[in-house]
Amino acid sequence: MELSIQNISHNYGNLEVLKDINLEIKQGQIVCLVGPSGCGKSTLLRLIGGLEKPTNGKVMQMSEPPKDSLNPLTYIFQDFALLPWRSVYDNISLVLEDHKLSKKEIDVIISDVLKRTELTNFAHALPKQLSGGMKQRVAIARALSVSPAVMLMDEPLSALDSQTRELLMDDLISLWEREKFTAVYVTHNLAEAVRLGHKIVVLSRRPGIIKKVVEIDIDLKDRKNHILELNKKQDDLWKIMKEEALVADKELINA
Amino acid sequence: MLNKSKKEVSFRGGGFVPKPILYIGPIVFVVIIGFLEWGTSTGWISDLTLPKPSGVFQVFIELYDSGLLYKHLMPSLTRLLVGSFLGITFGIAVGLLIGLFNLVRAGLLPVVAALFPIPKIALLPLFVIWFGIDEGSKYALIALGTFMPTIVATYAAIDNVDRNFIRMGQSFGLTWISIVRKIILPGALPGILSGVRISLAIGIILLVAAEMLGATYGIGAYVLEAGSLYDLERLFAGVTILSIIGVIINWSVGVVERKLLIWRN
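Rules used throughout
Residues numbered from 1 in each chain as written. Chains lettered and ligands numbered in written order. Predicted model: local features only at pLDDT ≥ 70, side-chain atom pairs only at ≥ 80, totals over all residues. Helix = DSSP H or I, 4+ residues; strand = E, 2+ residues; numbered from the N terminus. Rg over C-alpha atoms; globule rule 2.2 N^0.38 Å. Contact = placed C-beta atoms within 7 Å. Buried ≥ 20, exposed ≤ 12 C-beta atoms within 10 Å, placed from the backbone. Pairing = 2+ DSSP bridges. Axes fitted to C-alpha atoms, helices over the stretch in contact; angles between N-to-C directions. Core = buried A, V, L, I, M, F, W, Y, C linked by C-beta atoms within 7 Å. Expected span 1.5 Å × (residues − 1). Bend = angle between axes of the 7 residues up to and from the residue. Nonpolar A, V, L, I, M, F, W, Y, C, P; charged D, E, K, R; others polar. Parallel < 35°, antiparallel > 145°, perpendicular 65-115°, else oblique.

(A) Region of interest: the overall build of chain B. Looking only at helices and strands, chain B has 10 helices and 0 strands in total. Tracing chain B from N to C terminus, the helices and strands come up as α-α-α-α-α-α-α-α-α-α. Scaling as 2.2 N^0.38, a compact globule of 265 residues should have a C-alpha radius of gyration of about 18 Å, whereas chain B reaches 25 Å, well beyond that. Each principal axis of the C-alpha distribution contributes one length, and for chain B these read about 85 × 70 × 30 Å. Look at the contacts in chain B between residues 6 or more apart in sequence, and 73% of them connect residues 24 or more apart.

This is the structure in structure tokens:
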């Protein structure tokens, strides 16, 4: 499924957060949103998935989502958002129970996604027993269980330590290689952006406008062999962002 | 660095961590009671000030042997259970409505704020007129007394449920009822249970008040009667029973909490 973001502006009261955002999200592409903190990138993600209503403009689905998709626009959150009173299995089952599926069908789906994320042995563990990386893996499994047409990922690796982040990034790449999912990926980490993004959208500081869109044509699984090129891209991105980040850092939050 | 200035870094961390120490609690009890027993039997503490612990125990044994203990305990426990069951059930229900619906919140919060600080004991005569001098007024007093704190604990617990969980539920297209049943209620359960704990303690306090009017049997009535006769041994025997009821109830809530909230610790 493709999405089209048309003329989106968003205010919180008098505070202008986003301004005139236009963006196309193409099938099978990972679009990374980067920008200084407080630039509205997470807000934009919430607007895309309908968790918030834009003040102006709209987000269009450009085609019908595939029939087997239970929840076309599916989020993965920075803080995992796993219910601590439900086991891994039950956390996934939570998002399937409201669809007209039999217990058996639910079980088949859960077994399948647990296998795909290598979590089968942890089905009955509680979230508190899992490391951060495992928790995010469960959240990914939960997202996969509803066969999303577009994954909306809000800094999914930011709460993890750098080693776990590296491992999970590899997982995401191989997952994308297998499933060619469409995603919008919000991050403040430029290294993640150049590793995972087909298209990198740089937002300015508040009010966020699109400052630059960078496309990277290297195949995701090949990127490890193009370190120099990626480093160059990353440097370029940082040059664009640095000024913005400096000013944004010094802004008073409620000014 | 000079050799003679060499020394081990001294330890300065540690402490400030609550740790359970077994046996200390019972020992404190034994010491206090032993001290009182010694004081009262030597005459160092006059028996007008405090009763002899062994005398209190004696009264308790007599109470048990004569079957009066049962006769006092049963009506009191029934009043406590019926009253606090009504109060807590309706309290949770109203607390949920306040927590979930802004209209109910706007309408009822001022009412709750106005009624909460009223000492319910002051309303006992009113309840006697409304519900009769028999069990009705006693149930009503305990129910109202446990109702208010349960409401406040319940809606506060709902307000404290992590909004990210609710956002998550919405993002997966969960129905409203699913979000309430599977996210808000279990998330609010710890807060609701600690509210229940407080409500039950208040229930015991109000039990004594409720038995002020029109009760022949009941631990509260027993204590009040002993108090008005300055029969300190019976007074203390009654108070001890109330305290034991409180400890048992508190412990039972603890058991329920551990059962229902395994996911927490």
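(B) Main features of the overall build of chain A. Each helix and strand counted, chain A has 7 helices and 9 strands in total. For chain A, the C-alpha radius of gyration of 18 Å lies close to 18 Å, the compact-globule estimate for 255 residues. Reported as C-alpha extents along the three principal axes, the dimensions of chain A are approximately 55 × 40 × 35 Å. Burial status across chain A gives 41% buried among its 255 residues. A sequence separation of at least 24 residues applies to 75% of the contacts in chain A between residues at least 6 apart.

(C) Main features of the sheet that holds strand β4 (residues 56-61) of chain A. Residues and elements named next belong to chain A. If you walk across this open sheet you meet the 3 strands as β2-β1-β4, and the pairing is antiparallel. Two strands in the sheet have a free side with no partner beyond their single neighbour: β2 (15-25) and β4. The average undirected angle you get between the axes of adjacent strands in this sheet is 15°. Relative to β2, strand β1 (residues 3-12) runs antiparallel, the two sharing 7 bridges. Among the inter-strand pairings, L3 is bridged to a residue of β2, identified as I25. Taken strand by strand, helix α1 (residues 41-48) contacts β1, β2 and β4, and its axis lies near 125° from that of β1.

(D) A look at the nonpolar core. By size, the foremost hydrophobic cluster in this structure holds 118 residues, and its most contacted members are A:C32, A:L33 and A:V184. Top element by residues in this core is helix α6 (residues 135-159) of chain B. It accounts for 14 residues. Residue contacts for A:L33: discarding those within four places in its chain leaves A:K41, A:L44, A:L45, A:V184, A:V186, A:V201 and A:L203.

(E) Highlighting the pairing of strand β9 (residues 210-215) of chain A. All names here are of chain A. Of the pairings in the sheet, the one linking strand β8 (residues 199-203) to β9 comprises 5 bridges and is antiparallel in character. Bridge pairing in β9 places V201 opposite V213. Taken together, β8 and the strand that follows it, β9, pair antiparallel across an intervening segment of 6 residues.

(F) Representation of the sheet that holds strand β3 (residues 30-34) of chain A. Residues and elements named next belong to chain A. On the basis of which strands lie adjacent, the open sheet formed by 6 strands has the order β5-β6-β7-β3-β8-β9 and mixed pairing. Whereas interior strands pair on both sides, the edge strands pair on one side only; in this sheet they are β5 (73-76) and β9. Strand-to-strand twist of the sheet, defined as the mean angle between neighbouring strand axes without regard to direction, takes the value 20°. Here strand β6 (residues 150-154) pairs with strand β7 (residues 182-186) via 5 bridges, running parallel. Across the sheet, V150 pairs through a bridge with T182, a residue of β7.

(G) Up close: helix α4 (residues 102-115) of chain B. Residue and element names in this part refer to chain B. Compared with the 20 Å implied by 1.5 Å per residue over 14 residues, the 20 Å span of α4 between its first and last C-alpha is a close match. Of all the bends found along α4, the most pronounced is centred on L108 and spans about 35°, while P110, a proline, follows it within four residues. When you tally the buried positions in α4, you get 0 out of 14 residues, a small fraction of the element.

(H) Layout of the environment of B:N160. Tracing the backbone through its elements, the reader meets B:N160 in the loop between α6 and α7 (163-171). A C-alpha to C-alpha distance of 9.9 Å links B:N160 and B:G99, two positions 61 residues apart in sequence.

(I) Structural context of the interface of chain A and chain B. Facing 18 residues of chain A, the contacting portion of chain B comprises 15 residues. Class assignment for the residues of the side of chain A that touches chain B results in 11 nonpolar, 3 polar and 4 charged.

(J) Inspection of the environment of A:K239 at higher detail. Mapping A:K239 onto the fold places it in helix α7 (residues 227-250). Spatially, the C-alpha atoms of A:K239 and A:N56 are 30 Å apart, while their sequence positions differ by 183 residues.

(K) Main features of the packing of helix α8 (residues 176-210) of chain B against helix α10 (residues 232-260) of chain B. All names here are of chain B. Across the interface, α8 lies against α10 with an axial gap of 10 Å and an inter-helix angle of 170°. When the axes of α8 and α10 are compared, the pair comes out roughly antiparallel. When α8 is examined against α10, the residues L189, L193, V196, R197, L200, A201 and I204 are found in contact with a partner set consisting of L242, I245, G246, I249, N250, V253, V256, E257 and L260.

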